[in-house]
Amino acid sequence: MSPKVSIVIPAYNNVQYIEETLHSVLNQTFDDYEVVIADHSSIDGTADVIARFADNPKVRVLTPTPTGGGAQANWNRVSQAAAGDYLKLVCGDDLITPDALELQVKALDDNPGAVLVSSRRDLVDADGGLFLKGRGLQGVKGRVTGRQAIRATVRAGSNIFGEPACSLFKRELLAKEGWWDNSHPYLIDEATLVRICRHGDFVALRETLASFRISASQWSVRLARQQSDQAIAFHNQLRKDDPSLLSWVDVTIGNAKAIAMSYARRLAYVRLNRRMGHQHAVQSTV
C-alpha cells in the first residue's frame, strides 16, 4: 500500500545539517509516511551522510541527481518519485517538529476541499540558534478559499506559506500543475503553492511546525533586489492571467511591500552576520 504522506528531501551540499534534518523527519508522531531523498551531486560529503540512512525502512535513497538544472531539477526528481497522497518537501538543512505531520494531515483530512495546509516557522541561524520566532501566514487564520490565500500572499509582498517544510499538500495537484514552477526561480515554492491553491481551500495553522535555516550564503542575502523584482513580475503576471483574482490595488500594495521586504531582509542579514561573527569570534577564543 502507498503511504499517506511522502516527505521528500532534495539535498545539496548540506553535509553540516542533513543528518539533523533526517532525524527530524524520522521522529514523527504520525507513522504512515515515507522519506524520499536525492543528493544533487554535492561535493561536500552530503551523499556519504545520506547513505548511512539507506537501511531505514522508511527511507528511499535515489541515485544522485546529475549536476545542472538548478533547484527545480532535484525538487522535481524527489517529488516525482514520491508515492504518498500528500507531499511535504523539506530542504536538506531545515527541520520539522515531531507533530508536524500529525497536525497537518489532520487539518487536510478534517477539511474536505482543502488542498494545502501551512504553519508558522522559526528562523534559525547557521548554528541552529533562534533568530526570529513564529513567522509566517501574515494574519491568515484557519480555513480560507484558495483565492483568498493567493490575494493574501500577494498583498503581503512575501511568501505567507513559508518555506516548503511549512506546508503539506496533495501530490496529485503538483503533478497536474507540471511540478515545481521555476518561472521565477526565487519564488519556486510560493509560485507553485499559489498554483495548488487554485484547486481548493487553504488551511492556516498557527502552530510553529518547522525551522528554516538562514545564512550569509543564501540568495536573499546577495540578491535581495532581484528577489523583489521577481516578486513584482510574479504579481503582475498573476493579475494579467486572471484579472478577477487580483485588483490593481492588490498588486500595487504587494509590489510596494516586496520592495520594502528586500530592504528588511538586508537589515536582517546584517544583524545575522554581526551575530554569527561575534559567536564565531567567541568560539575561536575558547
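To be clear, the structure that these remarks concern was listed above.
These numbers come from a predicted model, not from an experiment.

### Observations concerning the side chain of lysine 88
Here is step 1: Here lysine 88 is to be found in strand S4 (residues 86-89).
Here is step 2: No salt bridge is formed by the buried lysine 88; the nearest opposite charge belongs to aspartate 99, separated by 9.9 Å.
Here is step 3: Each residue touching lysine 88, except ones within four places of it in the same chain, is listed here: Ser6, Ile7, Val8, Ile96, Leu101, Gln104, Pro164, Ala165, Cys166, Ser167 and Leu168.

### Some details on the pairing of S4
Here is step 1: The side-chain alternation of S4 yields two buried faces, one formed by Tyr86 and Lys88 and the other by Leu87 and Leu89.
Here is step 2: The pairing of strand S1 (residues 5-11) with S4 spans four bridges and is parallel. Along S4, the bridge assignment pairs valine 8 with leucine 89.
Here is step 3: The pairing of S4 with strand S9 (residues 167-170) spans two bridges and is classified as antiparallel. Paired with tyrosine 86 across the two strands is lysine 170, which belongs to S9.

### Focus on unusual backbone geometry
Here is step 1: Even without glycine at this site, asparagine 13 takes up a positive phi of about 50 degrees.
Here is step 2: Tracing the chain through its elements places asparagine 13 in the loop between S1 and helix H1 (18-25).
Here is step 3: In this structure, tryptophan 179 is a non-glycine residue whose phi angle is positive, near 70 degrees.
Here is step 4: Structurally, tryptophan 179 can be placed in the loop between helix H6 (171-176) and helix H7 (188-197).
Here is step 5: Taking the relative accessible area as the measure of exposure, tryptophan 179 reaches 16% and is therefore buried.

### What about helix H4 (residues 100-109)?
Here is step 1: All of the buried residues along H4 are Ala100, Leu101, Gln104, Val105, Ala107 and Leu108. Taken end-on, H4 shows its buried residues confined to a sector of 155 degrees, consistent with a single buried face.

### Quick notes on the packing of aromatic side chains
Here is step 1: A complete count under the given rule lists three aromatic pairs for this structure.
Here is step 2: Ring centres 5.2 Å apart and planes at 85 degrees place the aromatic pair phenylalanine 161 and phenylalanine 202 in the edge-to-face group. Of the two residues, phenylalanine 161 sits in the loop between helix H5 (146-156) and S9 while phenylalanine 202 sits in strand S10 (residues 201-213), which places them 41 residues apart along the sequence. Considered together, phenylalanine 161 and phenylalanine 202 belong to a single accessibility category, that of buried residues.
Here is step 3: Between phenylalanine 169 and tryptophan 180, the ring centres sit 6.0 Å apart and the planes meet at 80 degrees, which makes this aromatic pair edge-to-face. Separated by eleven residues along the polypeptide, phenylalanine 169 in strand S9 and tryptophan 180 in the loop between H6 and H7 bring together distant segments of the chain.
Here is step 4: In this structure phenylalanine 169 comes out as buried when scored by relative accessible area, which is 1%.
Here is step 5: Taken together, the aromatic side chains of Trp75, Phe169 and Trp180 make up a single cluster linked through ring pairs.

Criteria and cut-off values
- Residues numbered from 1 in each chain as written.
- Predicted model: local features only at pLDDT ≥ 70, side-chain atom pairs only at ≥ 80, totals over all residues.
- Heavy atoms only, no water.
- Helix = DSSP H or I, 4+ residues; strand = E, 2+ residues; numbered from the N terminus.
- Buried < 20%, exposed > 50% of the residue type's maximum accessible area, 1.4 Å probe, protein only.
- Lys, Arg positive; Asp, Glu negative; His and termini not counted.
- Salt bridge = Lys/Arg side-chain N within 4 Å of Asp/Glu carboxyl O.
- Contact = heavy atoms within 4.5 Å.
- Pairing = 2+ DSSP bridges.
- Arc of directions from axis to C-beta.
- Phe/Tyr/Trp six-rings, centres within 6.5 Å; stacked < 30°, edge-to-face > 60°.

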